Amino acid sequence: MKVDDFQADVIIVGAGLAGMVAAHEAILRDRRVLMVDQEGPQSLGGQAFWSLGGLFMVDTPEQRRLGIRDSAELALRDWTGSAQFDRPEDANPRAYATRFVEWAAGDMRGWLHGLGMRWFPVVGWAERGGAMAGGHGNSVPRFHITWGTGTGVVAPFVKLLQKHVVAGSLKIGFRHRVTGLEVTNGTVTGVSGDVLAAAASLRGESTNRTVEGRFQHRAETVILTTGGIGANHDLVRKHWPVERLGTPPKRMISGVPDYVDGKMHSIAAGAGAGLINEDRMWHYCEGVENWNPIWPNHGIRILPGPSSIWLDAKGDRMEAPCMPGFDTLSTLKRILQAGDHSWFILTQKIIEKEFALSGSEQNPDLTDGGWREVLKARLGKGATPAVEAFKDKGVDFIVADDLPNLVAGMNRLTPDQPLDLEHLRSQIAARDGQLDNSFSKDAQITAIRGARAYLGDKLIRTAKPHAILDPKNGPLIAVRLNILTRKSLGGIHTNLQGQVLTPEGNTLQGLYAAGEVCGFGGGGYHGYNALEGTFLGGCLFSGRIAGQSA
């Protein structure tokens, strides 16, 4: 059956995780669904496919086995302390966040387990905060990595959609780029746009934008699940919160494929949708250029343990909470006070124990393998093969046997902001001097020791404290870190049923939204800060709500 001949009750724009979940839930209600996406079938699953597959879940068997005491009350306290909701338009985002945390502590794991998902038994401790108990950060580890990583999260829904296609309740129109929403008497009644030429490109690669025709489809309801703005750096800079974070960097690298262009935001606004919290965004500080890129300006995020020394572009060691893995946006603001980049300095012992890379393709042991592959990659000699490849081939990595040669290499990489050898030596030596006994006034040394009190970190994520400048711990490694664009924390304003609202707060009949296009729910359920694992979780949660309501 051709797309033109399919009579849909619901049209879903975007074939990412939120869209797939929404489609499945709508079909369970006997709704016929047409899904359209500007990319081809090779991109089914969207950004979620590329992710590490981490999910924010609360009070799980995985946590309890590790002695982690968690609760919905503690998780919500962490969430609201991080979100810092402070605007009148935050009413729906705040309520959406409360419902999500209740779900993450309730039915979420059972539902996903029933779909076949399983999780790595060591729960990760992301976004630790590092400041006040009532402020930003996870009080306990909550980051559950799915076996299969992002592909393992996407796979069950791909299978469900394939069954729905065979059953005739779902039709997918790939290479269908929506350019307009059809509005009749104030109600959204359909979509229109361009049929693009077929593309044989691999998943994530840029595809052509050759127009071969036009389309127009009508339905009772439309659900937007088109993602954020991360690859559109002009749009990122337009909405950049200068008063909060400082001047945006002149150079950024992209953590998402170039189809994550944010164009649906303006299309929805043109049809009457309200946009809120567009200045709230989530970009990572630990980005490195991919030596084997898939999409333009492709960057990868380092997921660091707590031990690397973090210096700004001037070579000054950054103060707490600007430590690896603790407070992303505070660190981003601090970095931009000195330049566009920053530096890690570490040892071979640290990189072997603490460095991981975000993304399904950078973690083949977790994505495609099993316990044997994980143990070999994570506990064998050297860092994981993916990390070693970046160390050997990545333009941002410098390896040297001593500090003078390391700093010389760093200065060759950033000649416009040269570093002073003796200034770096004095800071590192002062840090090393804090290891002589079990007491310390250095916040990072205290944090390292605190991390190792958690069995999961001690086993696979935190190196035993040691002197950076001691040659037996080498070689020394420096990594230039770039700002990596990633997620939108604001977007289309919705109510708790996923219905899109107008700028005046009224319901825009016929239109729903889910996933990153609506700030993962309500128009920004993270507030100003994310706790990690909440991006995929937000797509799952908001996709379910939209599919059950539309």
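I will try to describe carefully the structure that is included in this document. (Residues numbered from 1 in each chain as written. Predicted model: local features only at pLDDT ≥ 70, side-chain atom pairs only at ≥ 80, totals over all residues. Heavy atoms only, no water.)

**Concerning the sheet that holds strand S2 (residues 33-37)**
Part 1 of the reasoning: Read across the sheet, six strands follow the order S5-S2-S1-S9-S21-S20 without closing on themselves; strand pairing throughout is mixed. This sheet does not close on itself; its edge strands, each paired only once, are strand S5 (170-174) and strand S20 (499-501). When the angles between neighbouring strand axes are averaged without regard to direction, this sheet yields 30°.
Part 2 of the reasoning: Judged from the three bridges that link them, strand S9 (residues 221-224) and strand S21 (residues 507-513) form a sheet pairing that is parallel. By the bridge assignment, Ile 223 is partnered in S21 with Tyr 512.
Part 3 of the reasoning: Contacts from helix H1 (residues 17-28) reach strand S1 (10-13), S2, S5 and S9 within the one sheet, and its direction differs from that of S2 by about 170°. (Pairing = 2+ DSSP bridges. Helix = DSSP H or I, 4+ residues; strand = E, 2+ residues; numbered from the N terminus. Axes fitted to C-alpha atoms, helices over the stretch in contact; angles between N-to-C directions. Contact = heavy atoms within 4.5 Å.)

**Re the packing of aromatic side chains**
In this description, a pair of aromatic rings is defined by centroid distance and the angle of the planes.
Part 1 of the reasoning: According to the stated counting rule, one finds 21 aromatic pairs in the structure shown.
Part 2 of the reasoning: With a centroid separation of 6.3 Å and an interplanar angle of 90°, the aromatic rings of Tyr 96 and Tyr 525 are classed as edge-to-face. Here the residue Tyr 96 occupies a position in helix H4 (residues 91-104), and Tyr 525 occupies one in the loop between S21 and helix H19 (534-549), the gap between them amounting to 429 residues. Accessibility assignment for this pair places Tyr 96 and Tyr 525 in one class, buried.
Part 3 of the reasoning: Of the aromatic side chains, those joined through ring pairs into one cluster are Phe 56, Trp 79, Tyr 96, Phe 100, Trp 103, Trp 111, Phe 157, Tyr 525 and Phe 541. (Phe/Tyr/Trp six-rings, centres within 6.5 Å; stacked < 30°, edge-to-face > 60°. Buried < 20%, exposed > 50% of the residue type's maximum accessible area, 1.4 Å probe, protein only.)

**Looking at the nonpolar core**
Part 1 of the reasoning: Ranked by internal contacts, the top residues of the largest apolar core, which has 112 residues, are Leu 17, Trp 79, Ile 345, Val 479 and Leu 540.
Part 2 of the reasoning: In terms of residue count, the dominant contributor to this core is H1 (eight residues).
Part 3 of the reasoning: Beyond its immediate stretch of four places on either side in the chain, Ile 345 contacts Ser 308, Ile 309, Leu 311, Leu 406, Met 410, Leu 424, Ile 428, Ile 468, Ile 477 and Ala 478.
Part 4 of the reasoning: Counting residues in hydrophobic clusters, the runner-up holds 27 residues, among them Ala 8, Leu 181, Val 500 and Cys 518. (Core = buried A, V, L, I, M, F, W, Y, C linked by side-chain atoms within 4.5 Å.)

**Digging into the pattern of salt bridges**
Part 1 of the reasoning: One pass over the full model with this rule turns up 27 salt bridges.
Part 2 of the reasoning: When the shortest N-O distance is used, the salt bridge between Glu 220 and Arg 31 registers 3.0 Å. Of this pair, Glu 220 sits in the loop between strand S8 (211-218) and S9 while Arg 31 sits in the loop between H1 and S2, and the two are 189 residues apart along the sequence.
Part 3 of the reasoning: Residue Glu 220 is classed as exposed on the basis of its relative accessible area, which comes to 52%.
Part 4 of the reasoning: One salt bridge in this structure joins Asp 432 and Arg 431, with 3.0 Å as the shortest N-O distance. (Salt bridge = Lys/Arg side-chain N within 4 Å of Asp/Glu carboxyl O.)

So, to be careful, I would describe these as geometric facts and stop short of saying anything about function.
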